[in-house]
Amino acid sequence: MSTSSRRARRARLAALAASTALLATACGGSGSGSAGAPANFSYLSVTENTAVKATLGTLSKGACATAQKARPLKVETVPQASLDQKLQLLGGQDALPVQFAAGNAPALTDQLYSSGKVADLEKKLTELGVFDQLEPAAVSTIRALYNGKVQVLPYEYNIEGIFYNKKLFAERGITEPATWDELVAAAAELESDDIQPLAASGQQGWPLTRLLSGYLYRSLGPDALKDVADGKAELTDPQYVEAAEQVAALGKKGYFGKGVGSIDYDTAMNQFLTGKAAMFYMGSWALANIADEAQNKVGAENVGFMPFPEVAGGEGSAGQYPSNVGLGITLSAKSFDQKTGDWVSCIARNYGSTALEDQGAISGFKVNTIVDDNNAVTTQIRETIAGSKQNVLWFEALFSTKATTVSQTNAAGLVAGSISPQKFMETVQAALDGS
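On a predicted model such as this, the values are computed, not experimentally measured, just so you know.

(A) Region of interest: the confidence of the model for the protein chain. Averaged over all residues, the pLDDT of the protein chain is 90; the fraction at 70 or higher stands at 92%. Every residue in residues 1-34 scores below 50 in pLDDT, and together they form 39 contacts with partners more than four places removed in sequence or on other chains.

(B) Spotlight on the nonpolar core. Membership of the largest hydrophobic core comes to 136 residues, with the highest contact counts inside it found for F163, L235 and M279. Ignoring any residue separated from it by four or fewer positions in sequence, one finds L235 in contact with L225, V228, Y240, V241, F395, F399, M425, V428, Q429 and L432.

(C) Region of interest: the sheet that holds strand β2 (residues 73-78). Reading across from one edge, β2-β1-β3-β9 is the order of the 4 strands in this open sheet, with mixed pairing throughout. Two strands lie at the open edges of the sheet, namely β2 and β9 (329-331), each paired on one side alone. Taking each pair of neighbouring strands and ignoring which way they run, the sheet shows an average axis angle of 20 degrees. Sheet topology note: the strand β1 (residues 41-46)/strand β3 (residues 99-101) ladder contains 2 bridges and is parallel. What sits directly across from L44, in β3, is F100.

(D) Structural context of the packing of aromatic side chains. With the rule as written, the count across this model stands at 14 aromatic pairs. Seen in terms of ring centroids, F41 and W343 are 4.7 Å apart; in terms of plane orientation they differ by 5 degrees. Their pairing is stacked. Of this pair, F41 sits in strand β1 while W343 sits in helix α15 (residues 338-359); the two residues are 302 residues apart in sequence, bridging distant segments of the chain. Pairing Y281 with F308 gives two aromatic rings, centres 6.3 Å apart and planes at 70 degrees, and the pair type is edge-to-face. Placement of Y281 in strand β6 (residues 277-283) and of F308 in the loop between β7 (303-306) and β8 (320-324) is noted, with a sequence separation of 27 residues between them. F308 matches Y281 in its accessibility class, with the two residues each being buried. Here the aromatic cluster, defined as three or more aromatic residues joined through ring pairs, consists of W180, Y215, Y281 and F308.

(E) Region of interest: helix α4 (residues 80-92). If you check α4, its first and last C-alpha atoms are 19 Å apart, about what 13 residues at 1.5 Å a residue would give, namely 18 Å. Within α4 the residues assigned to the buried category are Q80, L83, D84, L87, L90, G91 and G92. The positive-phi residue at the C-terminal boundary of α4 is D94, with phi of around 55 degrees.

(F) Structural detail: the pattern of salt bridges. Going through the model one piece at a time under the given rule, you end up with 9 salt bridges. Notably, a salt bridge pairs K117 with D94, separated by 3.2 Å at the nearest N-O pair. One end of the pair, K117, is in the loop between α5 (106-114) and α6 (121-128); the other, D94, is in the loop between α4 and β3, with 23 residues separating them in the sequence. What makes K117 buried here is its relative accessible area of 5%. Its relative accessible area of 11% is what places D94 among the buried residues. Residue E171 is joined to R172 by a salt bridge in which the shortest nitrogen-to-oxygen separation is 3.2 Å. A residue is classified by how much of its surface remains accessible, and E171, at 48% relative accessible area, is partly exposed. A single salt-bridge network, built from bridges that share partners, covers K167, E171, R172 and D193.

(G) Molecular detail of unusual backbone geometry. Of note, the phi angle at N147 is positive, near 55 degrees, even though the residue is not glycine. In this fold, N147 is placed in the loop between α7 (136-145) and β4 (158-165). A residue is classified by how much of its surface remains accessible, and N147, at 59% relative accessible area, is exposed. Backbone geometry places D194, a non-glycine residue, at a positive phi of 65 degrees. Along the chain, D194 falls in the loop between α9 (180-192) and β5 (196-199).

(H) A look at the pairing of β1. Across the 6 residues that make up β1, a large majority, 5, are buried. By the bridge criterion, 6 bridges tie β1 to β2 in an arrangement that is parallel. Bridge assignment links Y43 to a residue of β2, and that residue is V75.

(I) Layout of helix α18 (residues 421-434). A rise of 1.5 Å per residue sets the reference length of α18, with its 14 residues, at 20 Å; its end C-alpha atoms lie 20 Å apart and thus fit the reference within 8%. Buried residues of α18: P421, F424, M425, V428, Q429, A431 and L432, and no others. With its buried residues spanning 155 degrees around the axis, α18 presents them on a single face.

Calculation rules
- Residues numbered from 1 in each chain as written.
- Predicted model: local features only at pLDDT ≥ 70, side-chain atom pairs only at ≥ 80, totals over all residues.
- Heavy atoms only, no water.
- pLDDT = per-residue confidence, 0-100.
- Contact = heavy atoms within 4.5 Å.
- Core = buried A, V, L, I, M, F, W, Y, C linked by side-chain atoms within 4.5 Å.
- Buried < 20%, exposed > 50% of the residue type's maximum accessible area, 1.4 Å probe, protein only.
- Pairing = 2+ DSSP bridges.
- Helix = DSSP H or I, 4+ residues; strand = E, 2+ residues; numbered from the N terminus.
- Axes fitted to C-alpha atoms, helices over the stretch in contact; angles between N-to-C directions.
- Phe/Tyr/Trp six-rings, centres within 6.5 Å; stacked < 30°, edge-to-face > 60°.
- Expected span 1.5 Å × (residues − 1).
- Salt bridge = Lys/Arg side-chain N within 4 Å of Asp/Glu carboxyl O.
- Arc of directions from axis to C-beta.

Below, the structure is given as structure tokens:
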């Protein structure tokens, strides 16, 4: 094992020990919490994600009405940027809700799981007889993220790529870019015609760092970020800094529009769906927005989807799609009793069909009824998921909570030019080394 690998491993173990100790101290080390069953099927969500809570609301009035009567659904939301802090606070107080959006970094959920706060969902769902209602591809992705364990449920199952406005492309004779150079050329053509090439939320940060990982996977191959996590490479290595340079160059040329650092997720989505921006790197969870005629002013028929383009001479392939289970949803170990189990059983059997029918959203649960896709891009993505042979993760997937925060809060500065590509990578690597 290399020196950097040993250093990274010691840092991860130290962070885990410290977090676990903090949780144990805060709750008196008992892990059992106060007596009494929860009155509600409480669900802590993020403000930005409306699809999951909408689908749960539909289920509470229909297929899961019996579970709803026994333990009513109660939803609380917080901004995604505040989620990790909220979970750490509730975990320390032994007051986690019955169900909650997992942390922005898998490391936080893994810490809660290791301290006994999060239920072993494979065991629980197997006991309930519904583990087979999870799609194998989604289970595989969850295991890759959570040390081989099923710590979250796949209320979403997404692949990521670039949505684009087919009408704007066709009017300018732009064909779907297959390479990074072609993407940059397309952006230049759009910019010259006063069309913002790319929409992105600098406020959230991760829509920008996803471009970094996309470039790294295409240039260095599917193990690019695993090598960093294992200490075999560092983000400050020249080939990694190159990715930051390429993404920074897009910002320097103005391809994200003005004030990207103040753009939130909803505004970026709106820029694309109203035709103000021609391309939008996003996960397939955006299908719910695309299917919503009230939001989508360009029309679902004018939305295309393409993989992140290949890099000339790179070791990666456009067929290697970043995949994730969205902001995974998990359940408190303390409150996983029979009534919670009734809810979970109903969700496992019905969520996939309901989300697809009501929201146009793809989940990691099986679809047990016939549901017609309401647009061609949904069909395309469902077929792409079914045929996908190799998936990869995202930029911060294997980072600590600290490094994830540092990465995402500095991403806007990278494309705005207030932090150099070299300094950005140095800052994130330092956070990894010190985690």
